[in-house]
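# Results of the structural survey
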Amino acid sequence: TYAMVGDIKDSRTIHSLLLGLAKFGGTVYLISSPGENLPEWLQGELKNSPLVIKRDSDIMDAAPEIDVWYFTRLQQNLKAEQTSKDPEKNYAKLYGASRELRKNMKKDCIVLHPLPHGPEYEEGLDLIDPRFVHFEQADNGFYTRMALLCLLFKKE
(Lines give C-alpha, C1' and ligand atoms only; values in the text may rest on other atoms or scores of the structure.)
Protein backbone atom coordinates (compact mmCIF):
# COMPACT_ATOMS: atom_id res chain seq x y z
CA THR A 1 0.00 0.00 0.00
CA TYR A 2 1.50 3.25 -1.18
CA ALA A 3 0.76 6.92 -0.57
CA MET A 4 1.67 9.64 -3.04
CA VAL A 5 1.47 12.89 -1.10
CA GLY A 6 1.26 16.47 -2.24
CA ASP A 7 1.44 18.00 -5.67
CA ILE A 8 0.00 15.04 -7.61
CA LYS A 9 -0.91 17.00 -10.73
CA ASP A 10 2.52 18.51 -11.44
CA SER A 11 4.90 15.90 -10.01
CA ARG A 12 6.66 14.11 -12.85
CA THR A 13 8.25 11.70 -10.36
CA ILE A 14 4.83 10.64 -9.08
CA HIS A 15 3.64 10.11 -12.66
CA SER A 16 6.66 7.88 -13.42
CA LEU A 17 6.29 5.95 -10.19
CA LEU A 18 2.61 5.30 -10.83
CA LEU A 19 3.39 3.97 -14.31
CA GLY A 20 5.94 1.60 -12.78
CA LEU A 21 3.63 0.46 -9.99
CA ALA A 22 0.86 -0.15 -12.55
CA LYS A 23 2.86 -3.13 -13.80
CA PHE A 24 2.77 -4.78 -10.36
CA GLY A 25 -0.48 -3.75 -8.68
CA GLY A 26 -1.23 -2.78 -5.13
CA THR A 27 -3.19 0.05 -3.59
CA VAL A 28 -2.17 3.68 -3.99
CA TYR A 29 -3.59 6.56 -2.00
CA LEU A 30 -3.32 9.89 -3.78
CA ILE A 31 -3.30 12.44 -0.97
CA SER A 32 -3.67 16.00 -2.20
CA SER A 33 -6.05 18.90 -2.41
CA PRO A 34 -9.31 18.14 -4.27
CA GLY A 35 -8.26 20.04 -7.42
CA GLU A 36 -4.98 18.16 -7.79
CA ASN A 37 -6.03 15.42 -10.19
CA LEU A 38 -3.89 13.14 -12.27
CA PRO A 39 -3.45 14.37 -15.84
CA GLU A 40 -5.92 12.81 -18.29
CA TRP A 41 -3.18 10.98 -20.20
CA LEU A 42 -2.06 9.27 -16.99
CA GLN A 43 -5.59 8.35 -15.96
CA GLY A 44 -5.91 6.62 -19.33
CA GLU A 45 -2.64 4.72 -18.86
CA LEU A 46 -3.71 3.49 -15.41
CA LYS A 47 -7.30 2.63 -16.33
CA ASN A 48 -6.77 -1.09 -17.02
CA SER A 49 -3.88 -1.67 -14.61
CA PRO A 50 -4.13 -3.86 -11.50
CA LEU A 51 -3.47 -0.76 -9.40
CA VAL A 52 -6.26 0.27 -7.03
CA ILE A 53 -6.26 4.06 -6.71
CA LYS A 54 -7.93 5.85 -3.82
CA ARG A 55 -8.13 9.61 -3.39
CA ASP A 56 -7.96 11.43 -0.06
CA SER A 57 -7.35 15.01 0.98
CA ASP A 58 -6.66 14.25 4.66
CA ILE A 59 -3.21 12.78 5.18
CA MET A 60 -4.12 11.29 8.57
CA ASP A 61 -6.96 9.11 7.22
CA ALA A 62 -4.74 6.53 5.55
CA ALA A 63 -1.63 6.87 7.74
CA PRO A 64 -1.95 3.52 9.57
CA GLU A 65 -2.44 1.64 6.25
CA ILE A 66 0.57 2.87 4.29
CA ASP A 67 3.68 0.73 3.73
CA VAL A 68 5.54 3.14 1.43
CA TRP A 69 5.15 6.93 1.52
CA TYR A 70 6.25 9.16 -1.35
CA PHE A 71 6.26 12.87 -0.53
CA THR A 72 6.86 15.66 -3.03
CA ARG A 73 7.53 19.35 -2.74
CA LEU A 74 5.16 21.96 -4.08
CA GLN A 75 5.90 22.52 -7.78
CA GLN A 76 5.18 26.26 -7.48
CA ASN A 77 7.19 26.99 -10.63
CA LEU A 78 4.63 25.00 -12.66
CA LYS A 79 1.57 26.75 -11.21
CA ALA A 80 -0.20 29.46 -13.17
CA GLU A 81 -0.82 31.52 -10.04
CA GLN A 82 -0.15 31.42 -6.35
CA THR A 83 -3.07 30.25 -4.24
CA SER A 84 -1.94 31.86 -0.97
CA LYS A 85 0.51 34.40 0.39
CA ASP A 86 3.00 31.73 1.52
CA PRO A 87 2.06 28.62 -0.50
CA GLU A 88 4.94 26.42 0.66
CA LYS A 89 4.19 26.95 4.35
CA ASN A 90 0.49 26.15 3.85
CA TYR A 91 1.42 23.13 1.71
CA ALA A 92 3.75 21.83 4.44
CA LYS A 93 0.96 22.05 7.02
CA LEU A 94 -1.38 20.00 4.84
CA TYR A 95 1.02 17.55 3.20
CA GLY A 96 4.16 17.54 5.31
CA ALA A 97 5.72 14.87 7.50
CA SER A 98 4.53 16.38 10.78
CA ARG A 99 5.24 14.84 14.19
CA GLU A 100 1.59 13.84 14.48
CA LEU A 101 1.71 12.06 11.13
CA ARG A 102 4.97 10.29 12.01
CA LYS A 103 3.35 8.99 15.21
CA ASN A 104 0.49 7.51 13.14
CA MET A 105 2.68 5.94 10.45
CA LYS A 106 3.53 2.24 10.58
CA LYS A 107 6.71 1.60 12.53
CA ASP A 108 8.21 -0.33 9.60
CA CYS A 109 7.07 1.88 6.70
CA ILE A 110 9.48 3.42 4.22
CA VAL A 111 9.37 7.14 3.42
CA LEU A 112 10.73 8.47 0.13
CA HIS A 113 11.12 11.89 -1.50
CA PRO A 114 12.61 12.75 -4.92
CA LEU A 115 14.51 15.73 -3.46
CA PRO A 116 15.16 18.55 -3.07
CA HIS A 117 12.71 18.85 -0.24
CA GLY A 118 11.04 21.99 0.99
CA PRO A 119 9.30 22.75 4.28
CA GLU A 120 7.28 19.51 4.00
CA TYR A 121 10.32 17.86 5.67
CA GLU A 122 12.07 19.37 8.64
CA GLU A 123 15.86 19.55 8.31
CA GLY A 124 17.63 16.42 9.50
CA LEU A 125 14.48 14.30 9.53
CA ASP A 126 16.42 11.33 8.22
CA LEU A 127 18.74 11.59 11.23
CA ILE A 128 15.92 11.32 13.79
CA ASP A 129 13.65 8.84 11.99
CA PRO A 130 15.20 5.83 10.20
CA ARG A 131 12.05 5.33 8.09
CA PHE A 132 13.04 8.40 6.04
CA VAL A 133 15.46 7.02 3.45
CA HIS A 134 15.38 9.77 0.79
CA PHE A 135 19.19 10.19 0.70
CA GLU A 136 19.68 6.43 0.27
CA GLN A 137 16.99 6.60 -2.44
CA ALA A 138 18.90 9.38 -4.24
CA ASP A 139 22.19 7.50 -3.89
CA ASN A 140 20.68 4.33 -5.37
CA GLY A 141 19.24 6.34 -8.24
CA PHE A 142 22.69 7.71 -9.02
CA TYR A 143 24.24 4.25 -9.31
CA THR A 144 21.27 2.93 -11.28
CA ARG A 145 21.65 5.73 -13.84
CA MET A 146 25.40 5.05 -14.06
CA ALA A 147 24.74 1.36 -14.78
CA LEU A 148 22.12 2.18 -17.41
CA LEU A 149 24.47 4.60 -19.16
CA CYS A 150 27.21 1.96 -19.18
CA LEU A 151 24.82 -0.53 -20.77
CA LEU A 152 23.63 1.97 -23.36
CA PHE A 153 27.07 3.15 -24.43
CA LYS A 154 29.03 -0.07 -23.99
CA LYS A 155 31.30 -0.76 -26.94
CA GLU A 156 31.01 -4.30 -28.24
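Scroll up to find the structure.
The text that follows walks through the structure, step by step, so that each part is easy to find. Computed from a predicted model, the values in this text were never measured in an experiment.

## Examining the overall build of the chain
- Assigned secondary structure in the chain consists of seven helices and five strands.
- In sequence order, the chain lays out its α and β elements as β-α-β-α-β-α-β-α-α-β-α-α.
- The C-alpha atoms of the chain give 16 Å as radius of gyration, which agrees with the globular expectation for 156 residues (15 Å, within 12%).
- Oriented by its inertia axes, the alpha-carbon framework of the chain measures out at about 55 × 40 × 35 Å.
- Across the 156 residues that make up the chain, the buried fraction comes to 38%.

## What about the side chain of Ser 32?
- Position of Ser 32 among the secondary structure elements: in the loop between strand S2 (26-31) and helix H2 (40-46).
- A relative accessible area of 1% places Ser 32 in the buried class.
- In this view, Ser 32 contacts Gly 6, Ile 8, Arg 55, Asp 56, Ser 57 and Tyr 95; residues no more than four positions away in its chain are not counted.

## As for the nonpolar core
- Val 5, Ile 31, Trp 69, Phe 71, Met 105 and Val 111 are the most contacted members of the largest nonpolar core, which totals 21 residues.
- Going through the elements one at a time, strand S1 (2-5), S2, helix H3 (59-62), strand S4 (68-71) and helix H4 (87-95) are the ones with two or more residues in this core.
- Leaving out residues up to four positions away in the same chain, Trp 69 has contacts with Ala 3, Val 5, Ile 31, Ile 59, Ala 63, Leu 101, Met 105, Cys 109, Ile 110, Val 111 and Leu 112.
- Ranked by size, the runner-up nonpolar core spans 14 residues in total, among them Leu 18, Leu 21, Val 28 and Tyr 70.

## Looking at the environment of Ile 128
- If you trace the backbone, Ile 128 turns up in helix H6 (residues 125-128).
- Judged by its relative accessible area of 55%, Ile 128 is exposed.
- When near neighbours in sequence (up to four residues on either side) are disregarded, Ile 128 contacts Arg 102 and Glu 122.

## A few points about the packing of aromatic side chains
- According to the stated counting rule, one finds two aromatic pairs in the structure shown.
- A centroid spacing of 5.7 Å and a plane angle of 15 degrees characterise the contact between Trp 69 and Phe 71, whose relative ring orientation is stacked.
- We classify Trp 69 as buried; its relative accessible area is 0%.

What counts as what
Residues numbered from 1 in each chain as written. Predicted model: local features only at pLDDT ≥ 70, side-chain atom pairs only at ≥ 80, totals over all residues. Heavy atoms only, no water. Helix = DSSP H or I, 4+ residues; strand = E, 2+ residues; numbered from the N terminus. Rg over C-alpha atoms; globule rule 2.2 N^0.38 Å. Buried < 20%, exposed > 50% of the residue type's maximum accessible area, 1.4 Å probe, protein only. Contact = heavy atoms within 4.5 Å. Core = buried A, V, L, I, M, F, W, Y, C linked by side-chain atoms within 4.5 Å. Phe/Tyr/Trp six-rings, centres within 6.5 Å; stacked < 30°, edge-to-face > 60°.

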